[in-house]
Amino acid sequence: MRPVAASMRVPAGTTGALRVDGEPDWEAYLPARARSRSWRVQQRIKRVLDVVIACMAVALLSPLLLLVAVLVKLSSPGPVLYRYPVLGWRARPFTGLKFRTMIVDADVRKTEYMEQNEMNGPVFKLRNDPRVTRLGRWLRKYSIDELPQLWSVLRGEMSLVGPRPPGPHEYADFEPWQRGKLAVIPGMTCIWQVSGRSEISDFDSWVRLDLDYIARWNLLLDLVLLVRTIPAVLSARGAY
């Protein structure tokens, strides 16, 4: 897969067109070939593959999922799963799921650390976030905390591959062109995930990677990203 420059221009047609009712014109964010029969057929195949692979992953990883659930419960007070609001395809809200990696009042205390945010843009990232538990750091390092998102894949709210879903508060601060990342179903892994994750600290660059994925999308690209995700996760590069 060819590298993507962080300075890449915003793809044509993604400047933030609005419909008469003021809502984003989502079709304007998609490449012209998204109207073709080939695109629609590949999208259906993508959905079938999502369900099949997610079912296999849940079956194979069930012992690990159970072990992690027990460890989260025993390691710190609070629920096993962290439920949080996110926006999916065309900004439709759903509840995201992760293994809890922070203390129970982490969301309340987030404002205390906003000035230390290491990302340029509406996304919050902090390398040594004091709200993260000891177990949580390990879960985040190898992206094990994100495995419950397989349930979102089975429900059709997420795909295995696609732009990461933002929270409503993040989306509210998006520039019009940045909304284009929600023109497709969000995913568990993406170009950003295999390109260094949080090492890419500029949000504009992150979104350009997502828009480049949408512009070039096909089933082979998804397969390449899935394969590249394995060493990216095992290396823990940019994970925190």
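The following paragraphs examine the structure supplied in this document. Since the model is a prediction, treat every value here as computed from it, not as a measurement.

The subject of this paragraph is the pairing of strand β2 (residues 93-99). When strand β1 (residues 81-87) meets β2, the two strands line up antiparallel, connected through seven bridges. Across the sheet, L81 pairs through a bridge with F99, a residue of β2. Two successive antiparallel strands, β1 and β2, enclose a turn made up of five residues, where R90 displays a positive phi of approximately 55°.

It is worth spelling out the packing of aromatic side chains at this point. Counting across every chain of the model gives eight aromatic pairs. Aromatic side chains W39 and W217 sit 5.0 Å apart centroid to centroid with 65° between the ring planes, which places their arrangement in the edge-to-face category. Placement of W39 in helix α1 (residues 37-75) and of W217 in the loop between α7 (203-216) and α8 (219-235) is noted, with a sequence separation of 178 residues between them. What makes W39 buried here is its relative accessible area of 7%. One aromatic cluster is present, formed by Y171, F174, W192, F203 and W206 through successive ring pairs.

Our focus in this paragraph is unusual backbone geometry. Despite not being glycine, A91 shows a phi value in the positive range, around 65°. Turning to its location among the elements, A91 is positioned in the loop between β1 and β2. Look at S143: it is not a glycine, yet its phi comes out positive at around 60°. Checked against the element boundaries, S143 lands in the loop between α3 (134-141) and α4 (149-154).

Calculation rules
Residues numbered from 1 in each chain as written. Predicted model: local features only at pLDDT ≥ 70, side-chain atom pairs only at ≥ 80, totals over all residues. Heavy atoms only, no water. Pairing = 2+ DSSP bridges. Helix = DSSP H or I, 4+ residues; strand = E, 2+ residues; numbered from the N terminus. Phe/Tyr/Trp six-rings, centres within 6.5 Å; stacked < 30°, edge-to-face > 60°. Buried < 20%, exposed > 50% of the residue type's maximum accessible area, 1.4 Å probe, protein only.

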